[in-house]
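What follows is the residue order along each chain.
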Amino acid sequence: MKFSTRHLLVAAVSSLGLAACAAQPGIGSPTPVAAAPALTGAPLDTSVPSQLPRVARPLHYDIDVTPDARALGFAGEARIDVELYAPSATLTLNALDLGFASASLTGTDGKAIALTVATDPEAQTATFTAPAPLAPGKYRLTTSYTGVINTQANGLFALDYPDKATGSEVRGLFTQFEAPDARRFVPSFDEPSYKATFTLSATVPAGDLAVSNMPVASETPLANGLKKVSFRISPKMSSYLLFFATGPFERLAAKSGSGAEVGIVSPRGSGEQARFALDSLGPLLGYYSDYFGQPYPLPKLDNVAGPGQSQFFGAMENWGAIFTFERILLDDPKITSDATRQQIYSTQAHEVAHQWFGDLVTMAWWDDLWLNEGFASWMETKASDHFHPDWQPLLERVDGRERAMGLDAFATTHPIVQTIRTVEDTNQAFDAITYQKGEAVITMLESYAGEAVWREGLRAYMDRHKYANTRTDDLWNAVEAAGAKGLTAIAHDFTNQPGIPLLRVGGVTCAGGNTKVELTQSEFSRDRKDSIDAAARRWRVPVLARAGNGAVARQVISGGTGTLSLPGCGAVLINAGQAGYYRTLYSPAALTALRGDFAKLAPIDQLGLLGDNFALAYAGYQPMGAALDLLAAAPEDANQKLLGDVAGRYTALYGYFDDQPAVQKQIAARGAAALAPAMQRLGFDARAGEPALDSILRSELLGALGTLGDARVLAEARRRFALLDGNPAALDGPLKSRWLDIVAANASEGEWNKLRALAKGSKSAVERSAFYTFLGNTKNAGLAKRALDLALTDEPGKTVSASIIGAVARNHAGLAVDFAQANQAAVDRLIDASARARFLAGLAAASNDPAMIAKLERIAAPLPADVRKPYDKTLASLKERSVSRPRIRGEIASWLKGK
């Protein structure tokens, strides 16, 4: 979307988030909240950035709201206890889209002072002014106001969805406040360092369920079919963690081993679809309580399912009340695949980890957002491996690292710890650098420190800073104090500067049963390979390496060069176990030796080698043939995740030759041959009791073969799709979405119309969302235009239409970009405010048309620097691709001819 300077929210910071849920009745006897440190009179640390005057802080919020769901508005009253530190006639709080009816201030003498209110929409503030300067002290600010209920996930928002029993449309209300949007719900000190306690009351329909961070304290019947629900006081927390939801919901609950009640709140009629998530929620609480050495401090933890979706986030960690979109929380056997089931688990594990990393201990400012998100990503993997080692979640860290390096290899990257000053700065911070690079660097540092020392440091950090705010160095100091000497210097190298170290393997010699390896360090880049100053950035790189079957040796490479001494002789593997965040460029001889041993390597090293060598080849550090030879060495009986990776790489190669069907045919034949043994072993249908990884691989193979144009798979997809005419349940099961996706990509007009009818008639919000999105996947330009036109109607749903436009962009980027530009105002209404700046740039990302570069440059030229960041990233990728693509295509074609 196109911003002008008047759209910049320069006086506040916005953040993308992953969590929100709520409290409800039925919690049983009250459980006291763990004691939080007393609120002191000490002013906030003035070195922490803030967009508000540093003259006051909140102590407690008492909020009363009355939503009007049909009219999409609400009335509110807030009583905010504040402490004023310096004489002032004004109090400035954050507020956005709020209208104020009255405001007053009461001191300790009990006398109310009438205040005037002035709002600044650009700064997102409301300034309350007294007739004369106020003396320092404690006051209560009372204000009555009205606000807007949005149709996208910002502030208090509405989601419309089909009732699961009748199919009629119903509406639920939810909140999403990370990072700048609590101010849309209540005037507030809406920054993470202003922690306070909260009480919340809401007037809602008597038949609806209301939920918030804490259990219900009381329910009072009112006239006109309403009730007033009041929630218990929260612990001290940041404003972005407050949550409220109400609607025709139900709650499935259980008591956890830690004593807290856990529950899944979902649309009425969900029933046992909530069971899978509920069964994992309690054990996760116990695991994290033990790991962090801090018991979960709230009396309950809910996870609230919201129908629909967002272009910005999937779940949000509101303390005691996680919010998750239904598609990644509820397990519907009619459509949920094993991959989605694992995503349900990992998403919940991520948000539950936030109850400690982010909620109990919170970053002081958004510069250190990664302390929330990188650690939650790391902990979700650790917890998944603890409870479900058969899923092999540790192998996913390789893919996460590759996604991070995909951004980090360009000049437009940023450090993990970055400078955040505006709303758009914060929006852009929610990316693979913050999440996946954060996780990768934590993995590397844990490996350096050792698991026991690392955990001891984390426990000390949690204990010292609970209910408070921190910066990154607080963590490093705690871990180093636990025994990880030298860790802070390494951590600074990888978090305070951007980029990817590149280790080049030089001479390799073996004598006396030991192998010597010469390494030099520079920087890996996709768009600056020939202009990088090798000495410009230096990292202290913790290296784990092995020669042949010898023991793994550890050494930190610093100063740009180093020599490894490895026990044993044989093929040298750098980054054994793939814990390191760096790339390794082997000499041709060293890579040939590894290729010969490829089938013997651990799956995580096989994945790491493929990722490294394809990235190096795409960037021009080595010929494509080096990576393709390694791909061809993957054994047909390889680990399921490796075979899934192999399938994805063949489809990527296939996509390079859309204009050369003869070359595509060669690639398709090679891909089919590589995947055929696994496909034959697995078959087209799920088998009772089979490993989850087999089920996931089957789906991945079908998807890849469908993309490669495999006649048998395409025919089978159409045959199964036709069965729906006589049996609406014919496709129900874990492969339903896969078969429909294959059909949609290759659909005739009649098949497209049929899929649309299925979407329109479904009583499942998840199915409707998926089916409508599939309509945009079509390869047919005419049907893609119809999908775009459909997106601007009310039929798909307010939160679904943007995903249709995004799906069209995968095969028709130019068409999608032109459509979004031509209908900018209408498209903007379909996207969360937090995602608007990046949406159009994201549509262009898949384009291979050189003309897209000039088009995007014209769009981005007038934009402020913070708003144009996503355009700069897409442009860097498109420009590099326009240079490298001809070389890559030529090298692939040459390799195919030689085989």
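Treat the numbers as computed from the prediction; the structure is a model and nothing was measured. (Residues numbered from 1 in each chain as written. Predicted model: local features only at pLDDT ≥ 70, side-chain atom pairs only at ≥ 80, totals over all residues. Heavy atoms only, no water.)

Enquirer: Help me get a handle on the state of the cysteines, residues and values and all.
Expert: With the rule as written, the count across this model stands at 1 disulfide. Here Cys-510 engages in a disulfide with Cys-569; their sulfurs sit 1.4 Å apart. Taken together, the positions of Cys-510 in strand β23 (residues 500-511) and Cys-569 in the loop between β27 (561-567) and β28 (572-574) put the pair 59 residues apart, joining distant regions of the chain. The partly exposed category is assigned to Cys-510, whose relative accessible area is 42%. (Disulfide = S-S within 2.5 Å. Helix = DSSP H or I, 4+ residues; strand = E, 2+ residues; numbered from the N terminus. Buried < 20%, exposed > 50% of the residue type's maximum accessible area, 1.4 Å probe, protein only.)

Enquirer: How would you explain the sheet that holds strand β11 (residues 197-205) if you had to name every residue and give the values?
Expert: Spatially, 8 strands are ordered β5-β4-β8-β2-β1-β11-β14-β13 in an open sheet, and the strand pairing comes out mixed. A strand with exactly one partner marks an edge of an open sheet, and here the two such strands are β5 (112-114) and β13 (216-221). The sheet shows a mean angle of 15° between the axes of neighbouring strands, taken without regard to direction. In the sheet, β13 pairs with strand β14 (residues 226-231) via 5 bridges, with the strands oriented antiparallel. By the bridge assignment, Thr-220 is partnered in β14 with Lys-228. (Pairing = 2+ DSSP bridges. Axes fitted to C-alpha atoms, helices over the stretch in contact; angles between N-to-C directions.)

Enquirer: Which residues make up the packing of helix α14 (residues 661-682) against helix α26 (residues 869-897), and what values do they have?
Expert: The contact between α14 and α26 brings their axes to 11 Å, and the two run at 60°. What the angle tells us is that α14 and α26 run oblique. As α14 runs across α26, the sense of the crossing is left-handed. For the pair formed by α14 and α26, the contact residues are Val-663, Gln-666, Ile-667 and Arg-670 on the first element and Ile-892, Trp-895 and Leu-896 on the second. Looking at the contact of α14 with α26 residue by residue, the class counts come to 5 nonpolar, 1 polar and 1 charged. (Parallel < 35°, antiparallel > 145°, perpendicular 65-115°, else oblique. Left-handed = near helix turned anticlockwise from the far one by under 90°. Contact = heavy atoms within 4.5 Å. Nonpolar A, V, L, I, M, F, W, Y, C, P; charged D, E, K, R; others polar.)

Enquirer: Can you explain the packing of aromatic side chains? Please cite residues and give values.
Expert: Within this structure, the stated rule accounts for 41 aromatic pairs. With centroids separated by 5.3 Å and ring planes inclined at 45°, the aromatic side chains of Phe-189 and Tyr-194 adopt a geometry described as tilted. The pair Phe-189 / Tyr-194 is uniform in exposure class, with both members buried. Taken together, a centroid distance of 5.9 Å and an interplanar angle of 50° make the contact between Phe-614 and Tyr-618 tilted. One end of the pair, Phe-614, and the other, Tyr-618, are both in helix α11 (residues 603-618), 4 residues apart, so they sit about a helical turn from each other. Residue class for Phe-614 comes out buried when judged on its relative accessible area of 1%. Between the NZ or CZ atom of Lys-529 and the centre of the ring of Tyr-621, over which it lies, the distance is 5.5 Å. Residue placement shows Lys-754 over the ring face of Phe-721; its charged tip is 4.2 Å from the ring centre. (Phe/Tyr/Trp six-rings, centres within 6.5 Å; stacked < 30°, edge-to-face > 60°. Lys NZ or Arg CZ within 6 Å of the ring centre and 35° of its normal.)

Enquirer: Provide a residue-level description of helix α19 (residues 765-775), including the pertinent values.
Expert: Counted residue by residue, α19 has 11 buried out of 11 residues, so it is predominantly covered. Along α19, the residues that are buried comprise Ala-765, Val-766, Glu-767, Arg-768, Ser-769, Ala-770, Phe-771, Tyr-772, Thr-773, Phe-774 and Leu-775. Where the residues of α19 are buried, they touch β9 (155-162), α17 (736-745), α18 (749-761), α20 (781-791) and α21 (801-811).

Enquirer: Break down the sheet that holds β23 for me, citing the residues and quoting the values.
Expert: Read from one edge of the open sheet, 4 strands run β27-β24-β23-β29, paired in mixed fashion. Either end of the sheet is taken by a strand with one partner, and the two such strands are β27 and β29 (583-585). Sheet twist, expressed as the mean angle between neighbouring strand axes with direction ignored, is 35°. Alignment of β23 against strand β24 (residues 514-524), held across 10 bridges, turns out to be antiparallel. Paired with Ala-511 across the two strands is Asn-514, which belongs to β24.

Enquirer: Which residues make up the side chain of His-60, and what are the values?
Expert: Along the chain, His-60 falls in strand β1 (residues 56-68). A distance of 3.2 Å separates the side chain of His-60 from the side chain of Thr-199, its partner in a polar contact. (Polar contact = N/O pair within 3.5 Å; in protein donor to acceptor, adjacent residues only side chain to side chain.)

Enquirer: Give me the lowdown on the pairing of strand β4 (residues 99-106), citing residues and values where you can.
Expert: Along any regular strand the residues' side chains alternate between the sheet's two faces. As defined by bridge partners, β4 adjoins strand β8 (residues 137-148) across 7 bridges and the pair is classed as antiparallel. Pairing of Gly-99 across the sheet is with Thr-146, part of β8. If you look at the hairpin formed by β4 and β5, you'll find 5 residues sitting between the two strands, and Gly-110 has a positive phi there, around 85°.

Enquirer: Which residues make up the pattern of salt bridges, and what values do they have?
Expert: One pass over the full model with this rule turns up 54 salt bridges. Between Arg-184 and Asp-181 there is a salt bridge, and its shortest N-O distance comes to 2.7 Å. Accessibility expressed as a relative area gives 12% for Arg-184, which makes it buried. With its nearest N and O atoms 3.3 Å apart, the salt bridge here joins Asp-367 to Arg-421. (Salt bridge = Lys/Arg side-chain N within 4 Å of Asp/Glu carboxyl O.)

Enquirer: Break down unusual backbone geometry for me, citing the residues and quoting the values.
Expert: Here the residue pair Glu-178 and Ala-179 is connected by a cis peptide bond, since its omega of -5° sits within 30 degrees of zero. Within the secondary structure layout, Ala-179 lies in the loop between β10 (169-176) and β11. Phi at Gln-392 is positive, roughly 55°, even though this residue is not glycine. Inspection of the secondary structure assignment puts Gln-392 in the loop between α3 (370-387) and α4 (396-408). At Asn-575, a position not held by glycine, the phi torsion is positive, near 65°. One can find Asn-575 in the loop between β28 and β29. A relative accessible area of 2% means that Asn-575 is categorised as buried.

Enquirer: Describe in detail the environment of Asp-866, supporting the description with residues and values.
Expert: Mapped onto the elements, Asp-866 comes out in the loop between α25 (851-860) and α26. Given a relative accessible area of 9%, Asp-866 falls into the buried group. For the pair Asp-866 and Thr-422, spaced 444 residues apart in the sequence, the C-alpha separation amounts to 7.5 Å. Separated by 2.6 Å, the side chains of Asp-866 and Thr-422 make a polar contact.

Everything listed here is a matter of coordinates, which is why it stays silent on function.
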